[in-house]
Amino acid sequence: MSKKVAVVLADHFEDVEFTGPVDALKEAGHEITVIGAKKGAELVGKQEEAKVNVDLSIDETSAADYDALLIPGGFSPDLLREDERFVSFVEEFDMSKKPIFSICHGPQLMINAKIVKGRKMTGYKSIRIDLENAGVDFADEEVVVDDNFISSRQPDDIPAFNREIVAKLG
């Protein structure tokens, strides 16, 4: 059964951490909605290999409209966590116990949402201390599944990340 997956995104996302998981989710028959600050805006990846148009602005949607959330890495999560609308959006997913998929720097947005304490997660090595300071049991593994959270460290982990996120959505 097809699921609706929200992807929160800003400029300077890590190109393959968007395209890899999104392609895997689409191949599995799931519907993707890119959510950004402004509907119709073109967002450009950090490597300038991927260009993505925002389907809906954060003001036009709610976590209730989706079955899961994907947070790609790069600089995007750091930019998004400055905006309380995106932080609240992430909190809503967790309150509803819906799956949250984060890779690389994606957990930065989850830290600001204050939903990571006591959870087992991974992320890019430079944010390890941030995760630990937020109360995460950090695991240096290619993919970590902790109930509704699935996290990975870096682009090399995308095959394992994709396997787990697709399996989670059934």
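Worth saying up front: this structure is predicted, and the values here are computed from it rather than measured.

Quick notes on the rules
- Residues numbered from 1 in each chain as written.
- Predicted model: local features only at pLDDT ≥ 70, side-chain atom pairs only at ≥ 80, totals over all residues.
- Heavy atoms only, no water.
- Salt bridge = Lys/Arg side-chain N within 4 Å of Asp/Glu carboxyl O.
- Pairing = 2+ DSSP bridges.
- Helix = DSSP H or I, 4+ residues; strand = E, 2+ residues; numbered from the N terminus.
- Contact = heavy atoms within 4.5 Å.
- Axes fitted to C-alpha atoms, helices over the stretch in contact; angles between N-to-C directions.
- Parallel < 35°, antiparallel > 145°, perpendicular 65-115°, else oblique.
- Left-handed = near helix turned anticlockwise from the far one by under 90°.
- Nonpolar A, V, L, I, M, F, W, Y, C, P; charged D, E, K, R; others polar.
- Phe/Tyr/Trp six-rings, centres within 6.5 Å; stacked < 30°, edge-to-face > 60°.
- Buried < 20%, exposed > 50% of the residue type's maximum accessible area, 1.4 Å probe, protein only.
- Lys NZ or Arg CZ within 6 Å of the ring centre and 35° of its normal.
- Core = buried A, V, L, I, M, F, W, Y, C linked by side-chain atoms within 4.5 Å.

Please provide a residue-by-residue account of the pattern of salt bridges, values included.
Under the criterion given, the structure shown has twelve salt bridges. Between arginine 81 and aspartate 78 there is a salt bridge, with its nearest N and O atoms 2.8 Å apart. Here aspartate 83 ties to arginine 85 by a salt bridge, and the two come within 2.6 Å at their closest N and O atoms. One network of salt bridges, with partners in common, ties together Asp59, Asp83 and Arg85.

Any details on the sheet that holds strand β11 (residues 149-152)? Residues and values, ideally.
Consider a sheet: its strands pair through backbone hydrogen bonds, and that pairing is either parallel or antiparallel. If you walk across this open sheet you meet the seven strands as β5-β2-β1-β6-β7-β11-β10, and the pairing is mixed. In the strand order of this sheet, the two ends are held by β5 (56-57) and β10 (143-146), each with one partner. Where strand β6 (residues 68-71) lies against strand β7 (residues 100-103), three bridges are found, and the strand directions are parallel. Within the sheet, the bridge partner assigned to isoleucine 71 lies in β7 and is serine 102. Along the sheet face, helix α3 (residues 84-95) touches β1 (4-8), β2 (31-36), β6, β7 and β11 and points at about 135 degrees away from the line of β6.

A description of the packing of helix α1 (residues 15-27) against helix α6 (residues 158-169) should follow, citing residues and the corresponding values.
Axis separation between α1 and α6 bottoms out at 9 Å; the angle between their running directions is 40 degrees. In this view, α1 runs oblique relative to α6, as classed from their interaxial angle. Every pair of crossing elements has a handedness; the one defined by α1 and α6 is right-handed. Each of Val16, Glu17, Gly20, Pro21, Ala24 and Leu25 in α1 lies in contact with α6, whose residues at this interface are Ile158, Phe161, Asn162, Ile165, Val166 and Leu169. Of the residues in the contact of α1 with α6, the class split is nine nonpolar, two polar and one charged.

I'd like to hear about the packing of aromatic side chains, residue by residue, with values.
In this structure the tally under the stated criterion is three aromatic pairs. Their ring planes at 75 degrees and their centres at 5.1 Å tell us that phenylalanine 89 and phenylalanine 93 sit as a pair that is edge-to-face. A residue pair is termed a helical-turn pair when its members lie 3 or 4 positions apart in one helix, as phenylalanine 89 and phenylalanine 93 do in helix α3 at four residues. The same class applies to phenylalanine 89 as to phenylalanine 93, namely buried. An aromatic cluster is built from Tyr66, Phe89 and Phe93, whose rings are joined through pairwise contacts. For the cation-ring pair, lysine 46 lies above phenylalanine 75, with the distance from its terminal atom to the ring centre recorded as 5.2 Å. Above the face of the phenylalanine 149 ring, arginine 119 is positioned so that its terminal group lies 3.8 Å from the ring centre.

Summarise unusual backbone geometry; cite the residues concerned and give the values.
Here lysine 114, not a glycine, exhibits a phi torsion of approximately 55 degrees, which is positive. The exposure class of lysine 114 is exposed, given its relative accessible area of 75%. Even without being glycine, aspartate 147 reaches a positive phi, approximately 55 degrees. Along the chain, aspartate 147 falls in the loop between β10 and β11.

Describe in detail the nonpolar core, supporting the description with residues and values.
Ranked by internal contacts, the top residues of the largest apolar core, which has 28 residues, are Leu69, Phe89, Val90, Ile100 and Met110. Broken down by secondary-structure element, the contributors of at least two residues to this core are β1, β6, α3 and α4 (107-112). Among the elements that take part in this core, α3 stands out by supplying five residues, more than any other. With sequence-adjacent residues up to four places away left out, phenylalanine 89 is seen in contact with Ala6, Val8, Ile35, Ile58, Thr61, Ser62, Ala63, Tyr66 and Leu69. Counting residues in each nonpolar core, the second largest holds 25 residues, with Phe13, Phe18, Val52 and Phe161 among its members.

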